[in-house]
Amino acid sequence: MTDMSVGRERHVQAQGAAPLISMRNIHKKFGSLHALRGASLDVHAGEVVALVGDNGAGKSTMVKVMAGAHMATSGEYDFEGKPVKINSPTDANALGIQTVYQDLALCSNLDAVQNLFLGRELTGSGLFGRRIKRAECEVKAREVLSRMRLGNLSLTRPVGAMSGGQRQNIAIARSILWTPKVVILDEPTAALSHSAAEQVGDLIRRLADQGLGIVVVSHDIHNFVVNATDRIEVMRLGANAASFRTGDVTGEQVVNAMVGGNEGVNLAG
Ligand SMILES: Nc1ncnc2c1ncn2[C@@H]1O[C@H](COP(=O)(O)OP(=O)(O)OP(=O)(O)O)[C@@H](O)[C@H]1O
Ligand SMILES: [Mg+2]
């Protein structure tokens, strides 16, 4: 993973233009609870951005606003340099923003192909038509999985019988079928072993190398965030607390910024 970072930097800078996503001064209130207090986040093509912070810092709320699952109370949201109004996940999907939620939303009793095409099978008429479509779906699934270098995943085993890492990869592959520009992952390594987490890191790196912007919410600072991302945005109490280039910091420095010491206490008071 490490030797890619130089190429990565070049790729990001080559984009030159506006970020894919620029969210600025985002506020979100849930009744009297002020969950986001002027938070900002940019996502460029070709980069993996980590969004980190303590429990309740506002990370999930921020990515839900990004994904159209929540509406911001106020703030600015630009996509590819133009102001957009995202009122629903459908609006976000239409722009090319896909989200892989922590529960993955996979059906355990279905196989990889069925899960990849869940809810969007091209249904043919009659048994013959359906069989043709299954064949088409398998070809497409094989193509996407091999592009992601996941060609050894079984297409026919129920995903319930697969490992957590394999299921995570299928959930990411499903988001990629929509040829998105941005993929958001909420805690993709939470339930994974060290080596499975590394594989997810490799996978999102390959996606970024293909020009996607990746946003990853993670508590796994020491193993995952410092090894698998390009930039780290630290949130605290609904706002940005610190911003790092991943290569410039240690896990310890990131954790310190998350906790915030006395400064955090003052802000909370
Ligand atoms: N739907 C909601 N209704 C009311 N309050 C909410 C809602 N969603 C989040 N909150 C509150 O907003 C704040 C930020 O929550 P959020 O889930 O964004 O934090 P987080 O950084 O993702 O935390 P964690 O690391 O625990 O997942 C918290 O105080 C939370 O209780
Ligand atoms: Mg969360």
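Residues numbered from 1 in each chain as written. Chains lettered and ligands numbered in written order. Predicted model: local features only at pLDDT ≥ 70, side-chain atom pairs only at ≥ 80, totals over all residues. Heavy atoms only, no water.

- Where an unreviewed UniProt entry is consulted, the protein chain appears under the name Ribose import ATP-binding protein RbsA, with the organism given as Actibacterium lipolyticum.

1. A look at the overall build of the protein chain
So, step 1. Counting secondary structure elements, the protein chain contains ten helices and ten strands.
So, step 2. Looking at the protein chain residue by residue over its 269 residues, the buried ones come to 46%.
So, step 3. Total accessible area computed for the protein chain in this model is approximately 12,900 Å², and 51% of it derives from carbon and sulfur atoms. (Helix = DSSP H or I, 4+ residues; strand = E, 2+ residues; numbered from the N terminus. Buried < 20%, exposed > 50% of the residue type's maximum accessible area, 1.4 Å probe, protein only. Areas by Shrake-Rupley, 256 points an atom, 1.4 Å probe, with all protein chains shown as cover.)

2. Describing the nonpolar core
So, step 1. In this structure, V52, M148, I172 and I214 are the most contacted members of the largest nonpolar core, which totals 49 residues.
So, step 2. Structurally, this core is a two-domain feature, drawing no fewer than three residues from each of domain 1 (2-96 + 180-268) and domain 2 (109-178).
So, step 3. Among the nonpolar cores identified, the runner-up in size contains 27 residues, and L20, V43, V49 and L51 belong to it. (Core = buried A, V, L, I, M, F, W, Y, C linked by side-chain atoms within 4.5 Å. Domains from an automatic or database assignment.)

3. Some points on the site of ligand 1
So, step 1. In the region of ligand 1, the neighbouring residues are F30, L33, A35, D54, N55, G56, A57, G58, K59, S60, T61 and H219.
So, step 2. The contact in question runs from an oxygen atom of ligand 1 to an N or O atom on the backbone of A57, over 3.2 Å.
So, step 3. Note that an oxygen atom of ligand 1 is positioned 2.8 Å from one of the side-chain N or O atoms of H219.
So, step 4. Against a free-state accessible area of 640 Å², the protein chains account for coverage of 60% of ligand 1.
So, step 5. Elements with a contribution of two residues or more to the shell around ligand 1: β2 (33-43) and α2 (59-66).
So, step 6. The dominant element in the shell around ligand 1, judged by the number of residues it contributes, is α2, at three residues.
So, step 7. A class-by-class count of the residues in the shell around ligand 1 yields four nonpolar, six polar and two charged. (Near = heavy atom within 4 Å. Polar contact = N/O pair within 3.5 Å; in protein donor to acceptor, adjacent residues only side chain to side chain. Nonpolar A, V, L, I, M, F, W, Y, C, P; charged D, E, K, R; others polar.)

4. Quick notes on the side chain of R231
So, step 1. Looking at the element boundaries, R231 is found in strand β9 (residues 231-236).
So, step 2. For R231, a relative accessible area of 16% gives the class buried.
So, step 3. Polar side-chain contacts of R231 include one of 3.0 Å to the side chain of E47.
So, step 4. Setting aside residues up to four positions removed in sequence, R231 forms contacts with D42, V43, H44, E47, V48, V49, A50, S243, F244, R245 and T246. (Contact = heavy atoms within 4.5 Å.)

5. Considering the pairing of β9
So, step 1. For β9, the buried fraction is high: six of the six residues fall into the buried class.
So, step 2. Residues of β9 alternate between two faces, with R231, E233 and M235 on one and I232, V234 and R236 on the opposite face, all of them buried.
So, step 3. Sheet topology note: the strand β3 (residues 48-53)/β9 ladder contains five bridges and is parallel. What sits directly across from V49, in β9, is R231.
So, step 4. Pairing analysis gives six bridges linking β9 to strand β10 (residues 239-245), with the strands arranged antiparallel. When the bridges of β10 are listed, V234 appears paired with A242.
So, step 5. Here β9 folds back onto β10, and the loop between the two strands holds two residues, one of which, L237, carries a positive phi near 50°. (Pairing = 2+ DSSP bridges.)

6. Quick look at the sheet that holds strand β5 (residues 82-83)
So, step 1. Reading across from one edge, β2-β1-β4-β5 is the order of the four strands in this open sheet, with antiparallel pairing throughout. Edge strands, defined here as strands with exactly one partner in the open sheet, are β2 and β5.
So, step 2. Here strand β1 (residues 21-30) runs beside β2; their pairing, made up of eight bridges, is antiparallel. For K29, the partnering residue across the bridge sits in β2 and is H34.
So, step 3. With respect to the sheet, α2 is in contact with β1, β2 and β4 (74-79), its orientation differing from that of β2 by roughly 60°. (Axes fitted to C-alpha atoms, helices over the stretch in contact; angles between N-to-C directions.)

7. What to know about the side chain of T229
So, step 1. Structurally, T229 can be placed in the loop between α8 (221-228) and β9.
So, step 2. Overall, T229 belongs to the buried group, its relative accessible area being 6%.
So, step 3. Among the polar contacts listed, one links the side chain of T229 to the backbone oxygen of V225, at a separation of 2.8 Å.
So, step 4. A polar contact of 3.0 Å, which involves the side chain of T229, links it to the side chain of T246.

8. Some points on the sheet that holds strand β8 (residues 213-217)
So, step 1. Spatial strand order, β6-β7-β8-β3-β9-β10: six strands in an open sheet with mixed pairing. Unpaired on one side and paired on the other, β6 (97-100) and β10 mark the two borders of the sheet. Looking at each pair of strands side by side, their axes are set apart by 20° on average, direction ignored.
So, step 2. Contacting β3, β6, β7 (182-186), β8 and β9, α2 runs over the sheet at an angle of about 140° to β3.
So, step 3. In this fold helix α6 (residues 164-176) packs onto β6 and β7, with an angle of close to 165° to the strand it touches most, β6.

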